[in-house]
There are 4 protein chains.
Amino acid sequence: MFFASDNGSGAPRQVIDAITSANDGYAMGYGADTYMDRVRAQIREIFEAPEAEVYLVATGTAANALALATFIQPWQTIYCHRVAHIEEDECNAPEFYAGGAKLTLLEGADGLIDAEAFALRMQNAPTAVHHAQPGILSLTNLTERGSRYTVAQITRLAGIAKTHGLPVHLDGARFANALVAEGCTPAEMTWRAGVDVLSFGGTKNGLIGVEAVVIFDPAKAREFELRRKRGGHLPSKHRYLSAQMEAYLTDGLWLDLAGRANAAAARLEAELRERDMQAAGVKILHPVGGNMLFVELPNTAHQALRDAGAIYYDWPADIGTQVAEGASQARLVTSWSTSEGDVDRFLDILRNAL
Amino acid sequence: MFFASDNGSGAPRQVIDAITSANDGYAMGYGADTYMDRVRAQIREIFEAPEAEVYLVATGTAANALALATFIQPWQTIYCHRVAHIEEDECNAPEFYAGGAKLTLLEGADGLIDAEAFALRMQNAPTAVHHAQPGILSLTNLTERGSRYTVAQITRLAGIAKTHGLPVHLDGARFANALVAEGCTPAEMTWRAGVDVLSFGGTKNGLIGVEAVVIFDPAKAREFELRRKRGGHLPSKHRYLSAQMEAYLTDGLWLDLAGRANAAAARLEAELRERDMQAAGVKILHPVGGNMLFVELPNTAHQALRDAGAIYYDWPADIGTQVAEGASQARLVTSWSTSEGDVDRFLDILRNAL
Amino acid sequence: MFFASDNGSGAPRQVIDAITSANDGYAMGYGADTYMDRVRAQIREIFEAPEAEVYLVATGTAANALALATFIQPWQTIYCHRVAHIEEDECNAPEFYAGGAKLTLLEGADGLIDAEAFALRMQNAPTAVHHAQPGILSLTNLTERGSRYTVAQITRLAGIAKTHGLPVHLDGARFANALVAEGCTPAEMTWRAGVDVLSFGGTKNGLIGVEAVVIFDPAKAREFELRRKRGGHLPSKHRYLSAQMEAYLTDGLWLDLAGRANAAAARLEAELRERDMQAAGVKILHPVGGNMLFVELPNTAHQALRDAGAIYYDWPADIGTQVAEGASQARLVTSWSTSEGDVDRFLDILRNAL
Amino acid sequence: MFFASDNGSGAPRQVIDAITSANDGYAMGYGADTYMDRVRAQIREIFEAPEAEVYLVATGTAANALALATFIQPWQTIYCHRVAHIEEDECNAPEFYAGGAKLTLLEGADGLIDAEAFALRMQNAPTAVHHAQPGILSLTNLTERGSRYTVAQITRLAGIAKTHGLPVHLDGARFANALVAEGCTPAEMTWRAGVDVLSFGGTKNGLIGVEAVVIFDPAKAREFELRRKRGGHLPSKHRYLSAQMEAYLTDGLWLDLAGRANAAAARLEAELRERDMQAAGVKILHPVGGNMLFVELPNTAHQALRDAGAIYYDWPADIGTQVAEGASQARLVTSWSTSEGDVDRFLDILRNAL
């Protein structure tokens, strides 16, 4: 019963096979492998973006920080949600890669940026040299609270950014989960909605450590390549990354994996929303947009779950929110490898403990 | 006949098996996996350094840049050889990670820093605030010209550094090749000789992308961890790196692999030094310290080799050196997977072409 | 009627005389002038801090950014008020000098950090490597809203910081104004209250461009010196800065100047608080701690004042505040050279317009 | 007898008068003063560059570092002479401001970059992402060895840079001295010769701390302004800088001051080149291009000069050069305020000591 994070899972058979298969013989390094040529073609087709440039890195923090740095200047600011991963979980990597840029935090329920607040902020954005200059809007989908932007919401937020001349970044560490849940095309969730650069996650959805950065404006590609190398993020034996990504994108594996993770979360959610659960003190704290739930449970229930071997993180209550006495909050993340059995066992233990 | 680089090779069976085996079940991320506990213990034992701290990253550039940045300040300078990897092949990664530090280039034949020149430089090192302050000495073993520092040479250079209060970094992208050739212990080539931090290469010697940074002074460990995370170099699914490294260090696999690469190079070297080869215009340009040869061959020989499918890099002649007319220089790198057959075929074609 | 900023004023006669007098003959550069020896002694005496180190720079942004960078690491965060000068008015200089550190914004009425909120924030401050690490607390006195921290308030905030191991910086661009108004000693407002490093403003209070950084912990001094040089903030003809500062500190000139500015502000405030003024729509928006008032006036009054030649900045209403219809807000800053005549004339015009 | 540096001098009467005069009344800050409007117009006229943008900063290091950073990227390298001020005397300020860029050092006699060597270097400049990318050529005139580039030499070096797409920076800390000695126009020594951005020195030639950065391509101006503010180099009471610069440029004062400094150096040089001086062990080490001489003198002569109160710096012999036994090298710098009397007295004492 592992619900700590989707990065606690392993990789599906196809991915391990791809690594094994790529291991035969010699290959030129640093991205000049034939696997990468196929990955590039796959992503261009999947995103209906024949001009897009695609680069692989090994971590999501690298993907985000390099993508952002390529689109902004050190004297600018990155607009993001107060709980964005780039703000809370990357130990100043965006500031480091962007040469000392700032993050400006936006509010909004459920980890979703409030469009009105962003529009107001942009209307009053200063332009004199004394102030950090507007740089880029960074969205996260799924958000850090497990909720999901609709295509319409992304389009609206990106539209406000564009009105003020700002590019838009999408942190898609859980892009596949969002996409499958939203039921739209990759193009609809990205460049058609106004996204200029995407951190396209693979690791949380079944790879052993590969993220793609998809740059819809090829004019930025060379700078990205130099930044990647300078950051130490250009692998010499690059083929092992591209082979994984190729397998991931082949025959819709990435969508299947995300679908499985989402289904497990939906199974959890459906039960947790039952009237008796709610009556017993179970709360779902944010809309469930994909494969991540934030819940409040009685502490006795937490104890029973932990005693039975469930693994998941306590989660501090958001500032300004109330937690019921004798209860506390937690994050539950499902992954492609979460079994129905584990979900059901979790629910059984919970139900018994309530 | 692949002699382009040791990073063009695949991984041995044990490494692939380790990845496959690590793929079972769930694991906590970011280095909190049990494989890493074993790797730490292995390295401490191998290096006879029970206090050493050990961290894994995916690229050699990351290992070097993070190690250096942890030991210097932005207003300092890194002393290294004019042809050091950190100077020539990392696109300013050391400067980036060290917040704008400088590299001060030292001379010396065959990629080896001249100790007299370094001592003289240090005697005249400025201390006023106007000048870049002395920061660290960075050695590379094997060097970028394939030569090798002896333990005595490392000890002497590190001793000069220590006299002036400088720590010492060793870029050991080919540490195993140097160690096997030198026939000393890991401790003798590192902390006993005065090395404070080691980039301990794995990728060029058979891993799919893992380097260890070994910090002999544990007081620096926390800073390294924060720098690694901030650089986007802390993998979430860290177990795949530690599992590889564990296999690499088990039963001396790493030494076997380096021994094979060195033997292939020695086989090449022995023939190339034959009198008839030399008479026909073959030159070996630097002492062969491990698994890398720099050679000058008649262009007709290059042509014949390339026609037969040999893959290797042309290498620009070092400044101030002469190349015979109708000849040009090249780099030949062997790896753990270089077969005797490939070496012999290469030599046959060469001999025929001369 | 110049109320735009205290940096719009000139310098008093003593300061100009000091420049003229320092112009005679030759002097060694870069701080090795005899004026600086006297300045150092003066500040140590004034602050009752015989170990303090003192450095001069030409701008307040340089003073703040260098002071902060000397006390934190790039992976840390600076706690400051949401409207702090370092957040709003320095174009990312703190982030730049601190190598990509973050600013964490705290709330509180009137530009004053709320101690409860800060204490709560610190209790929940994360320590895992994923997160920006707590770095320093930066206070501003006078604040950017013209209010003033009492010694007790500084002591309390610094105490919270110290509890969590954080050093404390005080942005004292208007330190003299705060000090005179508070009626305490320099030591009481700084190191006795827990301040580790002070940006001691001179420019807004009568110098032509000199700020001192006072470091109460001399162990940090050498780093500061190197950072200053590296930032291009070490003047070659340093004597012109130190001569000004010497004059400023001699015979309490700095306190006299601040006293004059505060008196002008008090004269303004007293009238603006009169019942008839208030009834006519005049509002004082924040407690007046020294020489800066934020006011709301009917637009007709603004028009009359501007028509009569009054110079001051409109000020956007703080987020979440209401402005009366037909009114708008403005900032009025007095300086050492603000005459009673100008104040009275301003008030006359205002009264007539209401 | 002060020959330590031209930054040890004071300012001429006109400059002090300008400060005094600018002190009257109020002025808007941060460059929005009317003096600056005139300075901009003066420089555009003097340089015959009606589009040029002009900014003032207080130090030469700031001027150089900001100018360079505006024209390059962090993954690029700055080509400069091995003894350039930006390499030897700015404590990594260029690397800091340019976000971790590199300096690539070029050789050449007398502090002058050898054009053949630069051309060769550029022909072999690497373009792959592994390497620091070519960024900019930075020249210094007068050089750090007191020699002077002719217009033809600048044109040739800049031409090589331009062939490879590089912009050109000129560190003109002693631009006036070079210009007066060369007898050309400002345009001829800068943009007509291929210079894109100039650090136009004022401090060494009589200001109390003002340098102008002249950007011939106005497209770079906004970035420079933001970098200046972010570096803490935008003075609030900017008028004091612009008033000085206005006086400096009025009625050719700047050229008169440089002419005086050069004349004093020429007077020194003429005597030192006399046969009897040379026979007694006096050597002039580099061609004297303006107001700076490097000399070798018997140690007895040094002693006599110091005993008589002469102030100047010993200068370490350049690497690879020989110093006669019983002799050592020194730098002598004249300034606008060096009197004929001081020169003659210096020469008398020297002659007596030989």
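Bear in mind that the values here come from a model prediction, so they are computed numbers and not experimental data.

1. Structural notes on the relation of the copies chain A and chain B
Mapping chain A onto chain B is achieved by rotating through 180° and translating by 0.0 Å along the same axis, at an RMSD of 0.0 Å. Here the copies are linked by what is in effect a two-fold axis. The rotation axis passes nearest to the C-alpha of Gly231 of chain A in chain A, at a distance of 3.6 Å. Both copies present the same face, since 100% of the interface residues in chain A are matched by interface residues at the equivalent positions in chain B.

2. Side note on the side chain of Gln42 of chain B
All names here are of chain B. Inspection of the secondary structure assignment puts Gln42 in helix H2 (residues 34–46). In this structure Gln42 comes out as buried when scored by relative accessible area, which is 17%. The residues touching Gln42, leaving out its near neighbours within four places in the chain, are Met245, Glu246, Leu249 and Thr250.

3. Structural notes on helix H14 (residues 299–307) of chain C
All names here are of chain C. Residues of H14 that are buried include every one of Ala301, His302 and Leu305, and no others. Buried positions in H14, seen along its axis, are confined to an arc of 100° and lie on one side of it. Along H14, the residues that are exposed and aim more than 90 degrees away from the buried face are Thr300 and Asp307. Here the buried face of H14 lies against strand S9 (292–298), strand S11 (327–333) and helix H15 (340–353). Looking one or two residues past H14, Gly309 carries a phi angle of roughly 100°, positive in sign.

4. A word on the environment of His164 of chain D
All names here are of chain D. Following the sequence through the fold, His164 ends up in the loop between helix H7 (151–163) and strand S5 (168–172). As for His164 and Ala69, which are separated by 95 residues in sequence, their C-alpha atoms are 19 Å apart. Excluding residues that lie within four positions of it along the chain, His164 makes contacts with Met122 and Gln123.

5. Considerations on the nonpolar core
With 119 residues, the main nonpolar core has Phe200 of chain A together with Phe200 of chain B as its most contacted residues. Looking at this core, the element that brings in the most residues is helix H7 (residues 151–163) of chain A, giving six residues. Ignoring anything within four residues of it in the chain, the contact list for Phe200 of chain B reads Ile43, Phe47, Gly172, Phe175, Glu211, Ala212, Val214, Met245, Tyr248, Leu249 and Trp254 of chain B. Judged by nonpolar contacts, the second largest core, of 118 residues, contains Ala115 and Ala161 of chain C together with Leu170 and Val214 of chain D.

6. Looking at the sheet that holds strand S8 (residues 283–284) of chain D
Residue and element names in this part refer to chain D. The strand order across the open sheet formed by four strands is S8-S9-S11-S10, and the pairing between neighbours is antiparallel. Edge positions in the sheet fall to S8 and strand S10 (313–314), since each has one partner strand and no second. Across seven bridges, strand S9 (residues 292–298) lies against strand S11 (residues 327–333) in antiparallel orientation. Looking at the pairing, Leu297 lines up with Ser328 of S11. Strand contacts of helix H14 (residues 299–307): S9, S10 and S11, with the helix running at about 115° to S9, the strand carrying the most contacts.

7. Focus on the domain arrangement of chain A
All names here are of chain A. For chain A, the domain assignment lists domain 1 (15–253) and domain 2 (255–353). Here the C-alpha centre of domain 2 lies 28 Å away from the C-alpha centre of domain 1. Contact residues are listed per partner, giving 20 residues for domain 1 and 21 residues for domain 2. Between domain 1 and domain 2, roughly 1,700 Å² of surface is buried when both sides are summed, and carbon and sulfur atoms account for 51% of that area. Between the two partners, domain 1 and domain 2, sit one salt bridge. The partner of Asp318 in a salt bridge is Arg145, with the nearest N and O atoms 2.9 Å apart. Counting across the domain 1 and domain 2 interface gives 11 residue pairs in polar contact (both at pLDDT 80 or more). Sorting elements by how many residues they give to the side of domain 1 that touches domain 2 places helix H8 (residues 175–182) first, with five residues. Considered class by class, the residues forming the side of domain 1 that touches domain 2 number seven nonpolar, seven polar and six charged.

Rules of the game
Residues numbered from 1 in each chain as written. Chains lettered and ligands numbered in written order. Predicted model: local features only at pLDDT ≥ 70, side-chain atom pairs only at ≥ 80, totals over all residues. Heavy atoms only, no water. Least-squares fit on C-alpha atoms with pLDDT ≥ 70 in both. Contact = heavy atoms within 4.5 Å. Helix = DSSP H or I, 4+ residues; strand = E, 2+ residues; numbered from the N terminus. Buried < 20%, exposed > 50% of the residue type's maximum accessible area, 1.4 Å probe, protein only. Arc of directions from axis to C-beta. Core = buried A, V, L, I, M, F, W, Y, C linked by side-chain atoms within 4.5 Å. Pairing = 2+ DSSP bridges. Axes fitted to C-alpha atoms, helices over the stretch in contact; angles between N-to-C directions. Domains from an automatic or database assignment. Buried area = accessible area lost by both parts, 1.4 Å probe. Salt bridge = Lys/Arg side-chain N within 4 Å of Asp/Glu carboxyl O. Polar contact = N/O pair within 3.5 Å; in protein donor to acceptor, adjacent residues only side chain to side chain. Nonpolar A, V, L, I, M, F, W, Y, C, P; charged D, E, K, R; others polar.

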